[in-house]
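Coordinates in review
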Amino acid sequence: MKNILCLRPTFVLLLIALCSFSSVLGMANQPRNAKAKLIKALIIDGQNNHDQWAKVTYMMKRYLEETGKFSVDVQRTKYTWNGKDYVDKYKIAGLAPTVDLPKSKMDSSFHPNFAAYDVVICNFGWNAAPWAKETQEDFDRFVKKGGGLVIIHAADNSFPEWPAYNQMIGIGGWGNRTEKDGPYVYYDLNNQLVRDTAPGRAGSHGPQKDYQIIIRNANHPITKGMPLNWMHVQDEMYDRLRGPAENMEVLGTAFSSIENKGTGRHEPMLLTINYGKGRIFHTPMGHADYSVSCVGFITSILRGTQWAATGKVDIPIPADFPKPDVVSKREFKD
Ligand SMILES: [Zn+2]
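This section reports on the structure supplied with the text. Keep in mind it's a predicted model, so treat the numbers as computed, not measured.

1. Here we look at the overall build of the protein chain
- Looking only at helices and strands, the protein chain has 8 helices and 11 strands in total.
- Looking at the 334 residues of the protein chain, the share that counts as buried comes to 52%.
- Look at the contacts in the protein chain between residues 6 or more apart in sequence, and 70% of them connect residues 24 or more apart.
- Summed over its atoms, the accessible surface of the protein chain is roughly 15,800 Å², and 54% of this surface lies on carbon and sulfur atoms.

2. Considerations on the pattern of salt bridges
- On inspection of all chains with the given rule, the structure shows 13 salt bridges.
- Here Asp138 makes a salt bridge to Arg141, at a shortest N to O gap of 2.8 Å. Residue Asp138 and its partner Arg141 are located together in helix H5 (residues 133-144), separated by 3 residues, close to a single helical turn.
- With a closest N to O distance of 3.3 Å, Asp140 and Lys144 form a salt bridge. Of the two residues, Asp140 and Lys144 are both situated in helix H5; the distance of 4 residues between them amounts to about one turn of the helix.
- The exposure class assigned to Asp140 is buried, which follows from its relative accessible area of 16%.

3. Some remarks on the nonpolar core
- In terms of nonpolar packing, the biggest core is built from 42 residues, with Ile121, Val150, Ile213, Trp230, Leu270 and Met285 touching the most fellow members.
- Counting residues per element, this core draws most heavily on helix H8 (residues 295-310), at 7 residues.
- Membership of the second largest hydrophobic core comes to 35 residues, among which are Val120, Phe139, Phe159 and Leu241.

4. Topic: the side chain of Asn157
- Looking at the element boundaries, Asn157 is found in the loop between strand S4 (148-152) and helix H6 (163-169).
- The buried category is assigned to Asn157, whose relative accessible area is 3%.
- With residues up to four places along the chain from it excluded, the contact list for Asn157 reads Gly125, Trp126, Gly173, Trp174, Arg177 and Tyr238.

5. A closer look at the coordination of the zinc ion
- Listed as protein donors to the zinc ion are His50 (NE2), His153 (NE2), Glu236 (OE) and His287 (ND1); their distances from the metal cover 2.0 to 2.1 Å.
- Considering all 4 donor atoms around the zinc ion, angles at the metal cover 91 to 163° and the coordination shape is irregular.
- Donor residues for the zinc ion, ordered by position in the chain, follow H-x102-H-x82-E-x50-H. With His153 in the loop between S4 and H6 and His287 in the loop between strand S11 (278-283) and helix H7 (289-292), this pair connects stretches of sequence that are 134 residues apart.

6. Side note on H8
- With 16 residues, H8 should cover 22 Å at 1.5 Å per step; its first-to-last C-alpha distance of 22 Å lies within 8% of that length.
- Among the 16 residues in H8, 15 count as buried, and that is most of the element.
- Just downstream of H8 lies Gly311, where phi reads positive at about 85°.

7. A look at the environment of Phe321
- Summarising the element assignment, Phe321 is placed in the segment after H8.
- Relative accessible area serves as the criterion here: at 4%, Phe321 is assigned to the buried category.
- A C-alpha to C-alpha distance of 9.5 Å links Phe321 and Phe297, two positions 24 residues apart in sequence.
- Those residues in contact with Phe321 that sit more than four places away from it in its chain are Met226, Pro227, Trp230, Val295, Gly296, Thr299 and Ser328.

8. A look at the packing of aromatic side chains
- Evaluation of the coordinates by the stated rule reveals 21 aromatic pairs.
- Between the aromatic rings of Tyr86 and Tyr90, the centroid separation amounts to 6.3 Å while the plane-to-plane angle is 10°, which identifies the pairing as stacked.
- A connected cluster of aromatic rings, assembled from ring pairs, spans Phe110, Phe114, Phe124, Trp131, Phe139, Phe142, Phe159, Trp162 and Tyr165.
- Sitting over the ring of Tyr117, Lys40 keeps its end group 5.8 Å from the ring centre.
- Positioned above the aromatic ring of Tyr184 is the side chain of Arg265, whose terminal nitrogen or guanidinium carbon lies 5.2 Å from the ring centre.

9. Description of unusual backbone geometry
- One non-glycine residue, Asn191, lies in the positive phi region at around 60°.
- Mapped onto the elements of the fold, Asn191 is located in the loop between strand S5 (184-187) and strand S6 (193-196).
- For Asn247, which is not a glycine, the phi torsion comes out positive at approximately 50°.
- Along the chain, Asn247 falls in the loop between strand S8 (229-235) and strand S9 (248-256).

10. Overview of the environment of Ala218
- Looking at the secondary structure, you find Ala218 in the loop between strand S7 (209-215) and S8.
- Relative accessible area serves as the criterion here: at 30%, Ala218 is assigned to the partly exposed category.

What counts, and where the lines are drawn
- Residues numbered from 1 in each chain as written.
- Predicted model: local features only at pLDDT ≥ 70, side-chain atom pairs only at ≥ 80, totals over all residues.
- Heavy atoms only, no water.
- Helix = DSSP H or I, 4+ residues; strand = E, 2+ residues; numbered from the N terminus.
- Buried < 20%, exposed > 50% of the residue type's maximum accessible area, 1.4 Å probe, protein only.
- Contact = heavy atoms within 4.5 Å.
- Areas by Shrake-Rupley, 256 points an atom, 1.4 Å probe, with all protein chains shown as cover.
- Salt bridge = Lys/Arg side-chain N within 4 Å of Asp/Glu carboxyl O.
- Core = buried A, V, L, I, M, F, W, Y, C linked by side-chain atoms within 4.5 Å.
- Donors = N, O, S within 2.8 Å, 3.2 Å for Na, K, Ca; no water.
- Tetrahedral: all angles 85-135°; square planar, octahedral: opposite > 155°, others 65-115°.
- Expected span 1.5 Å × (residues − 1).
- Phe/Tyr/Trp six-rings, centres within 6.5 Å; stacked < 30°, edge-to-face > 60°.
- Lys NZ or Arg CZ within 6 Å of the ring centre and 35° of its normal.

Nothing here speaks to function; it is all geometry.
Structure, rendered in structure tokens:
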């Protein structure tokens, strides 16, 4: 008994030594281990009313990959009317050459293997043609079973007649969305969250400008550690978004002033939605390359994508994160 007790510290020391040795080995193998743990992300795009959609995809892909935490594929529908110059300039390696399609016509060949990914980032836009039924069903199954989804800017304009998609985005705009689709959601001047069933169209915005984000839940993994107020670089500020808004949380808002042709309400800018077992991060920000170069936007997308994929966030708030009254952007080198 005494001997065993005497041996215990030796065993403990041996164990510590072995653990340390394993850590050293682990560090030596880090690239391989790190690669094994990469979050598999898929950006989908191809039909969007914004000229720069292909550049925005290119930027987001690079931002995600630069963290060392994601592998990023892109799959693209045949595209229709906008942004051909950007598609040609911001080519994605390995992506098949894109093909023109008559405006708003469905690309029935678009059918990504969603189940092969941890998270899908949707960069479609207003007036995107509906997907084939089988593609919709696969996507629905992917998110319901726990797949992550990220919705950027005009992706909340897409597919207004697809009920499951409206559930996933929580709230959306344009596309003849009205009170039939659900309430307006916003914070009022007393900082109360309102679900407003008043009749009316969904989606509008005033002239683009820099605007301040107000964090409404500083304890969520995506927003934790962000300043409670931070300035976003020039963007459209979507307002009057409405939809089912079920299982949805507003993490951050921006004040839409009447003077800037807005609503006089605090409009949702950072949102999460749960759909089945799936986690969704939705931001109506991200109109153009300059908006997407905002360090606040970049950080939100990186953390939102990681959260949607895993439920956790360990991507830090960078030192150049915007201040309450000062924007911060990173020049994007092609
Ligand atoms: Zn826009």
